[in-house]
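# Structural features, examined
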Amino acid sequence: MTLLLNILKEIWLVTVEMAPYLLFGFLMAGILSVLISRDYVRRHLGGRSWIGAFKAALIGVPMPICSCGVIPLAATLRKQGASRSATASFLASTPQTGIDSLMITYALLGWVFALFRALVAFISGILCGVAVAAISEKEDEPPSTDETPPLSSSNHPHILVRMLKYGFISLPKDISKSMVLGIIISGIISGLIPVNFFADYLGDSPWAMLLMLVIGIPLYVCSSASVPIALAFIKAGLSPGAALVFLITGPATNAATLTTLWKIIGKKQLVVFLSTLALCALAAGFIMNQLAPSIGLEEQLCQNHEQTTGYHLLYAAVLIVILLKGMWPESKKKESNCE
C-alpha cells in the first residue's frame, strides 16, 4: 500500500510541476502551426547541399510534431521534391524536440538541459543530413522559390481559433496517450527503483549511455513523454548524459518507423542515418557528463519540486482535463492525423 501511494505521489508531483509549462507549450505550438505551415516546410527542403539540411533542422527543432506524425510528413516532403539530405535532417531533428517538449524539459530538468537538448537536436539533424548526402547520388533540385513564409494564412478571420484548436485539441489528441503513459512510467520508476540504484551499479560509466542507446532506439516515446521518464532515471542515479542519450534516441527512432525510413531515404542511407544519430547521442551524453559538475547541473536536477501553490493546482487540473479530452475516443468521426 505504501509503495502504491509513493508511486501515485510521484505521478502527481510530476504532473503539477510540468502543468504550467506544458500548457504554455501547447499555446506556442498552436501559434507555430499557423506561422510555419507544412507547405512552407515543403518549399524550403530542396537541394543536396548542407544548406538544405541546415534549413530542415532549423525548421524541425521548434515544430510540435511527434514521431508518429513526422514519418508521413517526411514521406510527403520527399515525394514533393525534398532531398534525401534535407529529409534525413528533418527526420532527425523534428521528433527530438518541439516547443511543448522544450517547455517540459525546462520545467523538470532546468533551462541548461532544455537549451542543450535543443542544440543537440539541431546539430544532430544537420550531421545526419550531411552524412546521408555524402553517400547519396546527386539529385535534381526542385524549383527554387523566393516566397515568404505562409503568413497569408494569418489573414484568416479565425486564425486565433485555429491556433487554439491545434494547440489545445489537435496536438493533445496526438500526444495525450503517450504523455500519460510517460508520466505513469515515471512514477513507477521513481517509486520502485531506489534513489542511487544506477549510481551504485553504473555511475558515469559509458555503459550507462550504451544501455540508454539500446533502450531508446527501438522504443516508441514522444519527445514530451520522454522527459518525465528521463527525470525518473536521473532520480534513480542515472547520469545526466545517459538521460540525454535517451531523450535523443527515444523520440527520434523506434522499430516501427525504421522500416518506413528504409523506403523513404534508402537502405544504405538508413544505416548511415542511424549510425550518425547514435554517435551524436553518445557524444552529446559524454559532453553533458563532462560539463555537469562545472555548471552545477546535478544540483539543479536534485532540487526539491514538491512545493506547490494554488496556481499550480489550477494548471494541473486544466492539464488533466485537456489530456483526458485528448484520450477520449471520437465516435464516427475521422480522427486527426499526427501533425
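Bear in mind the structure is a predicted one, so any value in this text is a computation, not a measurement.

Definitions and limits used
Residues numbered from 1 in each chain as written. Predicted model: local features only at pLDDT ≥ 70, side-chain atom pairs only at ≥ 80, totals over all residues. Heavy atoms only, no water. Helix = DSSP H or I, 4+ residues; strand = E, 2+ residues; numbered from the N terminus. Buried < 20%, exposed > 50% of the residue type's maximum accessible area, 1.4 Å probe, protein only. Contact = heavy atoms within 4.5 Å. Areas by Shrake-Rupley, 256 points an atom, 1.4 Å probe, with all protein chains shown as cover. Salt bridge = Lys/Arg side-chain N within 4 Å of Asp/Glu carboxyl O. pLDDT = per-residue confidence, 0-100. Core = buried A, V, L, I, M, F, W, Y, C linked by side-chain atoms within 4.5 Å. Phe/Tyr/Trp six-rings, centres within 6.5 Å; stacked < 30°, edge-to-face > 60°. Patch = residues over 30% accessible without salt bridge, like charges linked within 9 Å, V, L, I, M, F, W, Y side chains within 5 Å. Polar contact = N/O pair within 3.5 Å; in protein donor to acceptor, adjacent residues only side chain to side chain. Axes fitted to C-alpha atoms, helices over the stretch in contact; angles between N-to-C directions. Parallel < 35°, antiparallel > 145°, perpendicular 65-115°, else oblique. Left-handed = near helix turned anticlockwise from the far one by under 90°. Nonpolar A, V, L, I, M, F, W, Y, C, P; charged D, E, K, R; others polar. Expected span 1.5 Å × (residues − 1). Arc of directions from axis to C-beta.

## Notes on the overall build of the chain
- A tally of regular secondary structure across the chain gives 16 helices and zero strands.
- Relative to its 339 residues, the chain shows a buried fraction of 54%.
- Within the chain, residue pairs in contact and separated by at least 24 positions form 89% of the contacts whose partners lie at least 6 positions apart.
- As presented, the chain carries roughly 16000 Å² of accessible surface, and 67% of it is formed by carbon and sulfur atoms.

## Describing the pattern of salt bridges
- In the structure shown here, the tally under the stated rule is one salt bridge.
- Close ionic contact of glutamate 10 with lysine 235 constitutes a salt bridge, the shortest N to O distance being 3.2 Å. With a gap of 225 residues between them, glutamate 10 in helix α1 (residues 2-35) and lysine 235 in helix α11 (residues 226-235) connect regions that are remote in the sequence.
- Under the relative-accessibility criterion, lysine 235 is labelled partly exposed at 34%.

## Looking at the confidence of the model for the chain
- Averaged over all residues, the pLDDT of the chain is 80; the fraction at 70 or higher stands at 79%.
- Least confident of the elements in the chain is helix α15 (residues 297-301), whose mean pLDDT is 63; most confident is helix α7 (residues 111-134), at 91.
- Long-range and interchain partners of residues 140-154, a stretch whose pLDDT sits below 50, account for 22 contacts in this model, where long-range means more than four residues apart.
- Counted against residues more than four places away or in other chains, residues 334-339, with its pLDDT under 50, gives 16 contacts.

## Some words on the nonpolar core
- Residues Met18 and Phe273 are the most contacted members of the largest nonpolar core, which totals 82 residues.
- In terms of residue count, the dominant contributor to this core is α1 (eleven residues).
- Apart from the residues within four sequence positions on either side, phenylalanine 273 is in contact with Ala88, Leu91, Ala92, Cys128, Val132, Leu261 and Ile265.

## Thoughts on the packing of aromatic side chains
- Inspection of the entire model under this criterion finds four aromatic pairs.
- The interplanar angle of 80 degrees and the centroid separation of 6.3 Å between the aromatic rings of phenylalanine 26 and phenylalanine 168 together place this pair among those described as edge-to-face. Separated by 142 residues along the polypeptide, phenylalanine 26 in helix α1 and phenylalanine 168 in helix α8 (residues 159-192) bring together distant segments of the chain.
- Take phenylalanine 26: its relative accessible area is 0%, and that puts it in the buried class.

## Digging into a nonpolar patch on the surface
- On the surface, a nonpolar cluster with roughly 420 Å² of combined accessible area is contributed by Trp12, Leu313, Ile320, Leu324 and Met327.
- Considering every element that reaches the nonpolar patch, the biggest residue donor is helix α16 (residues 310-327), with four residues.
- For tryptophan 12, the position within the fold is in helix α1.
- Look at tryptophan 12 and you get partly exposed, because its relative accessible area is 37%.

## Some words on the side chain of threonine 105
- Position of threonine 105 among the secondary structure elements: in helix α6 (residues 99-109).
- The class for threonine 105 is buried, based on a relative accessible area of 0%.
- A polar atom in the side chain of threonine 105 sits 2.8 Å from the side chain of arginine 117.
- Excluding residues within four positions of it along the chain, threonine 105 makes contact with Gly110, Phe113, Ala114, Arg117 and Val227.

## Comments concerning the packing of α6 against α11
- Following both chains from N to C, one finds α6 and α11 inclined at 25 degrees, their axes separated by 9 Å at the closest point. The angle between the axes of α6 and α11 places the two elements in the roughly parallel class. The way α6 lies across α11 gives a crossing that is right-handed. Along its contact with α6, which presents Ser101, Ile104, Thr105, Leu108 and Leu109, the element α11 presents Val227, Pro228, Leu231 and Ile234.
- Considered class by class, the residues forming the contact of α6 with α11 number seven nonpolar, two polar and no charged.

## Quick look at α16
- The terminal C-alpha atoms of α16, which comprises 18 residues, lie 26 Å apart, in line with the 26 Å expected from a rise of 1.5 Å per residue.
- All buried positions along α16 are accounted for by Ala316, Leu319, Ile322, Leu323 and Gly326. All buried residues of α16 fall inside an arc of 130 degrees around its axis, so they share one side. Exposed residues lying more than 90 degrees from the buried face of α16 are Gly310, Val321, Leu324 and Lys325.
- Contacts from the buried residues of α16 go to α1 and α8.

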